[in-house]
Amino acid sequence: MRCSYSCRSAEHLVTRRSFLGEVAAGLGIATGFSGMVLPSVSAELERKQRQILVIWLNGGASQLETWDPKPKTETGGPFRSIETSVPGIRISELLPLTALRMHRLALLRSINTSENDHGKGNYLMHTGRRLVPGQEYPHLGSVAAKFLAPERSPLPGYIHIQPGGGGIGGKEAAFLGPKYGSLNLGNGKAPANTARPESLSVSGASARDALRSHLDDRFARSRRTAETDAYTTTYEQALQLMERREVFDVTKEPARDLERYGTHDLGRHCLLARRLLEAGTTFVKVSHSNYDTHNENFDFHREQVGEFDQSFSALLDDLARSGRLEHTLVVVMSEFGRTPRINANYGRDHWGTAWSIALAGAGIKPGVVVGKTNVKGTAVVDGQVHAGHLFHTYLRCVGLDPTDTYEANGRAIQIADPTASAIEELLA
Amino acid sequence: MNAPTAVEPADPGGAPATSPIEAEPERTHVSKELKHKSPLIACRFDPKGRFVFASAEDDTVQRWDLETTRQSALVGHESWVFGLAFHPDGETIVTVGGDGQLIWWPATAESPEPTRRVPAHQGWARSVDVSPDGSSIATCGNDRHVKLWSFDGGELLFDLPAHTAPVYRVGFDPSGRFLLSADLRGSVIQWDTGTGKEARRLDAAKLHEYNTGQGVDYGGVRDLAFSADGRFLACGGLIEASNPLGAVNTPAIVLFDWETGQQVRLQRPKEALKGVVWGLRFHPSGFLIAASGGSGGGYLLFFKPDQINEFFKLKLPNTARALDLHPDGLRLATAHFDNVVRICLMRPKPA
């Protein structure tokens, strides 16, 4: 579903919330009477400060080697469970540092997405909806970029730090329009070509940009589309990014922080996530590969979860210390979990039937476990939820109403799956 | 890692007799199956050849009397047991596991109970061996340490933290003067057991790959074996890991000249076969036996040191995870995912 300016798309429509937000901001700046702002508008202002951090454990992390261990059972594998900072809550021994911070986390152990395909599971967990032909919904990052990011932010609202290559990921925004897509930082590197070539003078660059802007404006007066708008926005953001290129440079961080986060890629990427959140990026996603352990699940999880434990704990500490955790929702998730059954190659396979995620920060009740699986972890026995419930919950945590609607191609579409609702037990 | 002398078994399931007879590897066949209720991990014959022991995914070690097939359990670890080794007199078995514990057990007792336990490693302890004179025990683990313990008192003699990756295997050379430790990256360190000093390094890095696409380290030395004449050291593992997370790799052996420390050759299956060499033993007569398991199923592969490919292979009914050679030199034990220890006899099938 493309975003088109001829069809009263979401791009053209001013939602009640964004209207209030802009008016409120205007009132605050113009009159200086922010204390007289209506309560609903005040809430809107507060919402504007909310941020989201997603740690994406790519490939499907095993719930049994992380949040829902089943030691001494035929499905439990060789790792044991350990005590955490919350009496009665035990997690895998692969997470000793995270265990000490359990009082900041909530665990959800009762997800049944019934989806064992990587691509479909990925889409489902990012959108809260099943992938159906001909209908695409925006990812959480794009929703956050649209509804939570300040209009004139110098940084993109949705930044994805990932191993491998970088680039622009406009597809995640679906009908919201490509300007709410992700900026992908391949291997945590700054976007390509954001340094001014030495052969180009500052004045020369300014003159070139003025000409580009003039031509863009003239073109947009007659042929404006979401794509041309995204192009213009991206260009403007790129110029601002060039000014603030250092925000992507984790070597500016103290050496002790680099050591604390870990000298591996995930350590660098989580430290970069901290920098981006501090710089005001609304939605930051860090991908960690690779958990798709059909073979030697235990050795690979020891390696991967060990990295995650170090980097995640350091990041969580810093967010808490700075006070940012209060208004930043943190979600640790995958496309699915892994089978309780251990296969012939010491592996675990894809499993969407009974698995877990972890949450922290804005709107989340800390130190709780919601939902339960049976003794062997083969089925949810209490509080079963699916991805739609998760999406509702995320939106509630950051002050968005999941029952609000987008308008896309003339149709009103509820932001979150109308058949689901938020998981109240997780909400503070 | 002492190499046995081939001797005639008194009967197909019993203790060895004394008259040497020749193994016929091309006639190898499954002669017995011993079934547990949980997938098996590691296996060893005791030095007297009366029992076969196998660890299981239920955290136990199972013992079968080869003659009567009577089964007993050794219960005491809090995780899977990855390594088993015996004092040369056969009276004591030592085990290590995912709980980091090193445990001593009476090997022949009616109901073996732990007689000593030592917290040996942080995280998994992965391998154990006893020196040929029975005086010391070597262990290694994911904490990258190699440790040498006194057998009698359990005191730590040396803590050797020279590896930069999890250490997968330890083994004494036949003289007992040296200890070898081998890790995930294929680094093999030779230690002087008298001084605890590093004597030499051997390079089996061909058995390791870092897969950039998947972002994982994979491979490593899964087993070590010395030839009876002390001429060769073999390291088993895998090569050609195009998809580590999907078990797409080829079993392989790096063969070293022990005197020079140089690689003699890389040995591999003649035909395409997916798996890992989980177990390696040199037969006293000079050929090398490898047990492979993985996505291609289970196999016994028989190599001559001067050849790249096997001269015989036997397809096993299930993926194999470990191998040992009976003191009679005629029987092999393999531990399997389908809960079974298989005893293969390197002799013609009975008529």
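The structure displayed is predicted, hence computed values, not measured ones. (Residues numbered from 1 in each chain as written. Chains lettered and ligands numbered in written order. Predicted model: local features only at pLDDT ≥ 70, side-chain atom pairs only at ≥ 80, totals over all residues. Heavy atoms only, no water.)

K.L.:
An account of the overall build of chain B is needed here, citing residue identities and associated values.
P.N.:
Within chain B, the secondary structure is distributed over zero helices and 30 strands. Taken over C-alpha atoms, the radius of gyration comes to 18 Å for chain B, in line with the 20 Å a tight globule of 351 residues would show. When its C-alpha atoms are laid out on the principal axes, chain B stretches across 50 × 50 × 35 Å. Counting all 351 residues of chain B, 63% fall into the buried class. (Helix = DSSP H or I, 4+ residues; strand = E, 2+ residues; numbered from the N terminus. Rg over C-alpha atoms; globule rule 2.2 N^0.38 Å. Buried < 20%, exposed > 50% of the residue type's maximum accessible area, 1.4 Å probe, protein only.)

K.L.:
A description of the packing of aromatic side chains should follow, citing residues and the corresponding values.
P.N.:
All names here are of chain A. As enumerated under the stated definition, the model contains 21 aromatic pairs over all chains in all. Their ring planes at 85° and their centres at 6.2 Å tell us that tryptophan 67 and phenylalanine 308 sit as a pair that is edge-to-face. Of the two residues, tryptophan 67 is situated in the loop between β1 (51-57) and β2 (81-83) and phenylalanine 308 in helix α10 (residues 297-322); the sequence distance between them amounts to 241 residues. Since its relative accessible area comes to 3%, tryptophan 67 is described here as buried. Relative accessible area serves as the criterion here: at 2%, phenylalanine 308 is assigned to the buried category. (Phe/Tyr/Trp six-rings, centres within 6.5 Å; stacked < 30°, edge-to-face > 60°.)

K.L.:
Which residues make up the sheet that holds strand β4 (residues 61-65) of chain B, and what values do they have?
P.N.:
All names here are of chain B. Spatially, four strands are ordered β2-β3-β4-β5 in an open sheet, and the strand pairing comes out antiparallel. The sheet is open, and its two edges are formed by β2 (40-45) and β5 (71-74), each paired on a single side. Each strand axis lies, on average, 25° off the axis of its neighbour in the sheet, ignoring direction. Sheet analysis places β4 next to β5, joined by four bridges and oriented antiparallel. Among the inter-strand pairings, tryptophan 64 is bridged to a residue of β5, identified as glutamine 71. (Pairing = 2+ DSSP bridges. Axes fitted to C-alpha atoms, helices over the stretch in contact; angles between N-to-C directions.)

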